[in-house]
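Descriptive analysis of the structure
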Amino acid sequence: MTAFFIVRAAVQLLLPTADEPVILVNKAVHELVVYEDGEQMFQAPAAIGKTDELTPEGLFQVKVKAVDPYYRKTNIPGGVPENPLGSRWIGFDAEGTDGRIYGIHGTNQPESIGTSASAGCIRLQNVDVEALYAMVEKDTDVWIVDQPDVSMEDLYEHWLKKKWQQFLN
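Residues numbered from 1 in each chain as written. Predicted model: local features only at pLDDT ≥ 70, side-chain atom pairs only at ≥ 80, totals over all residues. Heavy atoms only, no water.

Counting its regular elements, the protein chain contains three helices and 10 strands. Counting over 169 residues, the protein chain shows a buried share of 43%. The long-range fraction of contacts in the protein chain, counting pairs at least 24 apart against all pairs at least 6 apart in sequence, stands at 60%. (Helix = DSSP H or I, 4+ residues; strand = E, 2+ residues; numbered from the N terminus. Buried < 20%, exposed > 50% of the residue type's maximum accessible area, 1.4 Å probe, protein only. Contact = heavy atoms within 4.5 Å.)

Buried within helix 2 (residues 126-135) we find Asp128, Val129, Leu132 and Tyr133. Projected down its long axis, helix 2 shows its buried positions confined to an angular sector of 140 degrees, all on one face. Away from the buried face of helix 2 by more than 90 degrees, exposed residues Val127 and Ala134 are located. On its buried face, helix 2 sits against strand 1 (22-26), strand 2 (31-36), strand 3 (39-45), strand 5 (58-67), strand 6 (88-92) and strand 7 (102-105). (Arc of directions from axis to C-beta.)

Right, let's talk about the pattern of salt bridges for a bit. Taken as a whole and assessed by the stated rule, the structure comprises five salt bridges. We note a salt bridge from Lys163 to Glu20, for which the minimum N-O separation is 4.0 Å. With a gap of 143 residues between them, Lys163 in helix 3 (residues 152-168) and Glu20 in the loop between helix 1 (2-14) and strand 1 connect regions that are remote in the sequence. With relative accessibility at 31%, the residue Glu20 sits in the partly exposed group. For Glu57, the salt bridge is made with Lys27, and the minimal N-O distance between the two is 3.1 Å. Separated by 30 residues along the polypeptide, Glu57 in the loop between strand 4 (48-49) and strand 5 and Lys27 in the loop between strand 1 and strand 2 bring together distant segments of the chain. The exposure class of Glu57 is partly exposed, given its relative accessible area of 43%. Members of the salt-bridge network, linked through shared partners, are Glu20, Asp141 and Lys163. (Salt bridge = Lys/Arg side-chain N within 4 Å of Asp/Glu carboxyl O.)

Before going further, it helps to spend a moment on a nonpolar patch on the surface. Residues Trp164, Phe167 and Leu168 make up a contiguous nonpolar surface patch of roughly 310 Å² in combined accessible area. Summarising the element assignment, Trp164 is placed in helix 3. Residue Trp164 is classed as partly exposed on the basis of its relative accessible area of 33%. (Patch = residues over 30% accessible without salt bridge, like charges linked within 9 Å, V, L, I, M, F, W, Y side chains within 5 Å. Areas by Shrake-Rupley, 256 points an atom, 1.4 Å probe, with all protein chains shown as cover.)

Now for helix 3. A turn of α-helix holds 3.6 residues, and therefore any two residues three or four places apart point the same way. For helix 3, spanning 17 residues, the distance from its first C-alpha to its last is 24 Å, which sits close to the expected 24 Å at 1.5 Å a residue. Considered for burial, the residues of helix 3 that qualify are Met152, Leu155, Tyr156, Trp159, Leu160 and Lys163. Viewed end-on, helix 3 has its buried residues packed into an arc of 140 degrees, placing them on one side of the element. The outward face of helix 3, more than 90 degrees from its buried face, is lined by the exposed residues Lys161 and Leu168. In the core, the buried residues of helix 3 are packed alongside strand 1, strand 2, strand 5 and strand 10 (141-145). (Expected span 1.5 Å × (residues − 1).)

Of all hydrophobic cores here, the largest spans 22 residues; its most connected members are Ile23, Leu32, Phe92, Ile104, Ile122, Leu124 and Leu132. If you list the elements that add at least two residues to this core, you get strand 1, strand 2, strand 3, strand 5, strand 6, strand 7, helix 2 and strand 10. No other element matches the three residues that helix 2 contributes to this core. Not counting residues up to four positions away in its chain, the partners in contact with Leu124 are Leu32, Ala44, Pro45, Ala46, Ile104, His105, Gly106, Thr107, Ile113, Val129 and Leu132. With 11 residues, the next largest nonpolar core counts Leu24, Val33, Trp143 and Val145 among its residues. (Core = buried A, V, L, I, M, F, W, Y, C linked by side-chain atoms within 4.5 Å.)

Put into C-alpha cells, the structure is as follows:
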C-alpha cells in the first residue's frame, strides 16, 4: 500500500495540474481572468494595445514583478502620480523579451481601462493589478488571445489541454 502512495505522489509531481494559477487575457473583450484549481479566482476589465499588433498573442510566463515600477521610457520614478505604469508591474516574456518590455500593470489613466489604448501592455486599475500581483508568482502562465466568441471558461479548458500536450510531447 505504501508503494502505491509513493508512485501516486511521484506521478502527481510530473503531470501538469490545474492547481497552478493561469492568467488569461482575451483582447477581443478587454478582459483578464485568473483560474486556479478549475475555478475563476479573479476577473478585471483591461486596456490592451492601440492596434491588434501591439499586444502580442501567445503563451508566456511571468518573469518580473515590481512594486511602484520605474518607467524607463521617459525616466519617471515609481510611486509618483505621473508614472503611467501605476502601482505594480507583472512582466512576461513575450517576443523573446525578459519581462521588462511587455507586462500587466496599473495605470494613471483609469479611463483607458476597457479600451484599446496602450503601447502593447495590459493595463488594469491599480486596485486590480495589486490584487493580481498578490495572486501570481514568477513563471505563472500568461495566455493572451483575441477570440471574441469564446468564453473564459473555454479558454481555460483549452489552456489546460495545451499543458497536457506539452507534457506528452
